[in-house]
Amino acid sequence: MPDVNKGEKTKYRLADSIKVCMKTAPVDKITVQSIVDGCHMTRQTFYRNFKDKYDLINWYFDKLVLESFARMGTDRTVYEGLVRKFEFIRQEKIFFTEAFRSDDQNSLKEHDFELIIEFYREQIQRKTRRQVREDLMFLLEMYCRGSVYMTVKWVLNGMKETPEEMARVLVDAMPPKLREVFLEIHLV
């Protein structure tokens, strides 16, 4: 567990507990009660920190993955950020395999998409100092949806390709007009 404050420690303990639960049950069958029982906490403590189990999963995902994208555009490219993301996912194989199996409306798949598209949109706006055009937003959404779909497929098929191979394929699949913008702002 990283060096964190007391509130963060509680969240990490809950995350560790859900990871243990995921070893024996699919996410959709895990209850808040089983999560809190696993780390000797109360339901009240859980709900002070998270709305539901999907909120916990999404928080943990953010902790693991956001760091991989945090420096993108300054000294890291999309490829390098994706390699780090896939390395994190591989290190937490059980967690991501079970989390990506869920199709709930608050699922990790949808959270991953929202996180990625917002990150790229913000990068484009910040570096070009203009709103993202509608046609470019369409390409960005298509690219991000496809990237999440392929990430989920990679995870659920046993992560046979290396993080580097997955990152290369996803970068190579980028639509040409989107690639032009990413080149302009030093993301590829």
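(A) Looking closely at the overall build of the chain. Secondary structure assignment for the chain yields ten helices and zero strands. Along the chain direction, N to C, the helices and strands of the chain fall in the order α-α-α-α-α-α-α-α-α-α. Over its C-alpha atoms the chain spans a radius of gyration of 18 Å, differing by no more than 12% from the 16 Å that the globule rule assigns to 188 residues. Principal-axis analysis of the C-alpha atoms places the extent of the chain at approximately 50 × 35 × 30 Å. When the 188 residues of the chain are sorted by exposure, 49% land in the buried category. Sequence-distant contacts, at least 24 apart, represent 67% of the contacts inside the chain between residues at least 6 apart. About 10,100 Å² of surface is accessible on the chain, with carbon and sulfur atoms providing 51% of the total. Side chains of the chain give 32 positive and 30 negative charges; the mean places of these two sets differ by 3 Å.

(B) Region of interest: the packing of aromatic side chains. Going through the model one piece at a time under the given rule, you end up with twelve aromatic pairs. Both rings, one in Tyr-60 and one in Phe-95, keep their centres 4.9 Å apart while their planes meet at 80 degrees; by these two values the pair is edge-to-face. Remark: Phe-95 occurs in helix 6 (residues 93–101) and Tyr-60 occurs in helix 4 (residues 53–70); sequence separation between them is 35 residues. The exposure class assigned to Tyr-60 is buried, which follows from its relative accessible area of 4%. What links up through ring pairs into an aromatic cluster is the set Tyr-12, Phe-46, Tyr-47, Phe-50, Trp-59, Tyr-60, Phe-61, Phe-95, Phe-96 and Phe-100. Positioned above the aromatic ring of Phe-113, the side-chain terminus of Arg-145 is 3.5 Å from the ring centre. When the ring centre of Tyr-79 is taken as origin, the NZ or CZ atom of Arg-168, which lies over that ring, is 4.4 Å away.

(C) Region of the structure containing a negative patch on the surface. A surface patch of negative charge is lined by Glu-87, Glu-161, Glu-164 and Glu-165. Within the fold, Glu-87 resides in helix 5 (residues 78–91).

(D) Expanded view of the packing of helix 5 against helix 8 (residues 134–156). Where helix 5 meets helix 8, the axes come as close as 12 Å, and the angle between the chain directions of the two elements is 35 degrees. Helix 5 and helix 8 meet at a crossing whose hand is right-handed. Contact residues: helix 5 offers Val-78, Leu-82, Phe-86, Ile-89 and Arg-90, while helix 8 offers Tyr-143, Thr-151, Trp-154 and Val-155. Per-class residue counts for the contact of helix 5 with helix 8 are seven nonpolar, one polar and one charged.

(E) Quick peek at the pattern of salt bridges. For the coordinates displayed, the defined rule picks out eleven salt bridges. The shortest N-O distance in the salt bridge between Glu-184 and Arg-130 comes to 3.8 Å. Of this pair, Glu-184 sits in helix 10 (residues 176–184) while Arg-130 sits in the loop between helix 7 (108–128) and helix 8, and the two are 54 residues apart along the sequence. Residue classification places Glu-184 among the partly exposed positions, given a relative accessible area of 46%. For Arg-130, a relative accessible area of 45% translates into the label partly exposed. Through salt bridges with shared partners, a single ionic network connects Asp-16, Lys-19 and Glu-92.

Conventions used here
- Residues numbered from 1 in each chain as written.
- Predicted model: local features only at pLDDT ≥ 70, side-chain atom pairs only at ≥ 80, totals over all residues.
- Heavy atoms only, no water.
- Helix = DSSP H or I, 4+ residues; strand = E, 2+ residues; numbered from the N terminus.
- Rg over C-alpha atoms; globule rule 2.2 N^0.38 Å.
- Buried < 20%, exposed > 50% of the residue type's maximum accessible area, 1.4 Å probe, protein only.
- Contact = heavy atoms within 4.5 Å.
- Areas by Shrake-Rupley, 256 points an atom, 1.4 Å probe, with all protein chains shown as cover.
- Lys, Arg positive; Asp, Glu negative; His and termini not counted.
- Charge placed at Lys NZ, Arg CZ, Asp CG, Glu CD.
- Phe/Tyr/Trp six-rings, centres within 6.5 Å; stacked < 30°, edge-to-face > 60°.
- Lys NZ or Arg CZ within 6 Å of the ring centre and 35° of its normal.
- Patch = residues over 30% accessible without salt bridge, like charges linked within 9 Å, V, L, I, M, F, W, Y side chains within 5 Å.
- Salt bridge = Lys/Arg side-chain N within 4 Å of Asp/Glu carboxyl O.
- Axes fitted to C-alpha atoms, helices over the stretch in contact; angles between N-to-C directions.
- Left-handed = near helix turned anticlockwise from the far one by under 90°.
- Nonpolar A, V, L, I, M, F, W, Y, C, P; charged D, E, K, R; others polar.

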